[in-house]
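Summary of the model geometry
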Amino acid sequence: MTLRLLYGKPSSEEQSKGNWAEPEWGDYCAGRYINLAGTELHWHHGVLGHSADADLIVVEQASKLLVNYAISARSLAKRGQRVALWGHGKNIAASTSKLGEAIKRPYTNRADWFFAYTESTKRLMIERDYPESRITVVQNAVDTHAIRSGVDSLMDDQLAGWRDRHGISTDAKLALALGSLYADKRPSFLIEAADAAHEADPAVEFVIAGSGPDAAIVDEAARTRPWLHAVGPVFGTDKAAALASASCMVMPGVGGLVIVDAFAAGLPLVMCENPYHPPEFDYVQDGYNSMVLGETTSAEEFGNATVALLADPGRLARLADGSRADGEVYTIQAMVDRFADGVLAALGRR
């Protein structure tokens, strides 16, 4: 059995997050972006040709991907070619297109298989009358082994050097915000929370690592606040140093795969309830690996709650233990095994 990856170039907004990669083993398919009444649609040249002889095609469940409709139509006419979707079940972002969701549902239900991010995605699909027998939960994750190895292998002088490079006090208690910066992440709220936390305890400092459309908001705030450090997007050793230096991860806005990053590093999470959280929020357990505050929590309350957690070594250690334990559960290895089993099942080999 052969797996081929076809990928395209993300939109300019996605590129601004600084996390796009070009895998050498994949096949690049040039894309075209079409703006239709404020909605950005994507067409990727070459996908139909590259996938013509495939027995199974797995595509993202996204109504904006025009090639999905062509693939779905071809599968109806071409006996033996199956189509699987990989996705959330529905668009859970705050800016959801009602038309896009209406279009997505019928072609979703015609798919031969569905790869669901998490158990909540599976439940949603069943509620929408998709057969449970044709769903694989992949348990979406990142390469937790690489993250944990990177964190555990850092030497004290490397951590000290990283703190010094970013102007972080040697005795500061660090709260880390990691990930892309855009409206749903609530960067302005995060800055206010950092102010409140530092006022409550001057030893508490916030590090915001990431980039995106709202990065300028964070960069500007950091220029006038010695307790707020905007370090930009981090990868490799820099990411490991950011994770290893922190005592907790703060996430007042939506949180997805970065939750798994926190688990890999054994960091407790401080989060808010939010109806737009990605499916990975399934992994968060208040009182076990995280502290989850109410949806209406103010920035001052969020900052004070973070300070209270950092001032309670026993509670901090218990949540860190839970986070690290879940880092062994939500792994890339488990995800790969689930995906492989799903592929075989979709092809009738299981």
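The preceding data block contains the structure.
Here is a short report on the structure shown in this document. (Residues numbered from 1 in each chain as written. Predicted model: local features only at pLDDT ≥ 70, side-chain atom pairs only at ≥ 80, totals over all residues. Heavy atoms only, no water.)

Let us now look at the pattern of salt bridges. As a working rule, side chains carrying opposite charge can pair if their charged atoms are close by. Tallied over the full model, the rule gives eight salt bridges. Put simply, Asp 27 and Arg 4 hold a salt bridge, and the shortest N to O gap is 3.0 Å. Pair noted here: Asp 27 is in strand S2 (residues 27–28) and Arg 4 is in the segment before strand S1 (6–7), with a separation of 23 residues, a long-range link. According to the relative accessible area criterion, Asp 27 is partly exposed, its value standing at 26%. (Salt bridge = Lys/Arg side-chain N within 4 Å of Asp/Glu carboxyl O. Helix = DSSP H or I, 4+ residues; strand = E, 2+ residues; numbered from the N terminus. Buried < 20%, exposed > 50% of the residue type's maximum accessible area, 1.4 Å probe, protein only.)

Once that is clear, we can look at the environment of Leu 6. Inspection of the secondary structure assignment puts Leu 6 in strand S1. Separated by 28 residues in sequence, Leu 6 and Ile 34 have C-alpha atoms that sit 20 Å apart. Setting aside its immediate chain neighbours within four residues, Leu 6 contacts Asp 27, Cys 29, Val 47, His 50 and Ser 51. (Contact = heavy atoms within 4.5 Å.)

The next subject is the pairing of strand S10 (residues 204–209). Across the six residues that make up S10, a large majority, six, are buried. Side chains of S10 alternate between two faces, with Val 204, Phe 206 and Ile 208 and Glu 205, Val 207 and Ala 209 buried alike. With helix H8 (residues 187–200) bridging strand S9 (residues 173–178) and its parallel neighbour S10, the resulting β-α-β unit is right-handed. Bridge count for S10 against strand S11 (residues 228–230) is three bridges, and the pairing is parallel. (Right-handed = clockwise from strand over helix to strand, strands pointing away. Pairing = 2+ DSSP bridges.)

Taken together, the four strands give an open sheet; going across it, the order is S5-S6-S7-S8, and neighbouring strands pair in parallel fashion. The open sheet has two edge strands, strand S5 (56–60) and strand S8 (135–137), and neither has a second partner. This sheet shows a mean twist of 20 degrees between the axes of neighbouring strands, independent of strand direction. Where helix H3 (residues 66–77) meets the sheet, it contacts S5 and strand S6 (82–87), and its direction lies at approximately 155 degrees from that of S5. Against the sheet, helix H5 (residues 119–127) makes contact with S6, strand S7 (113–116) and S8, and its axis sits at roughly 160 degrees relative to S8, the strand it touches most. (Axes fitted to C-alpha atoms, helices over the stretch in contact; angles between N-to-C directions.)

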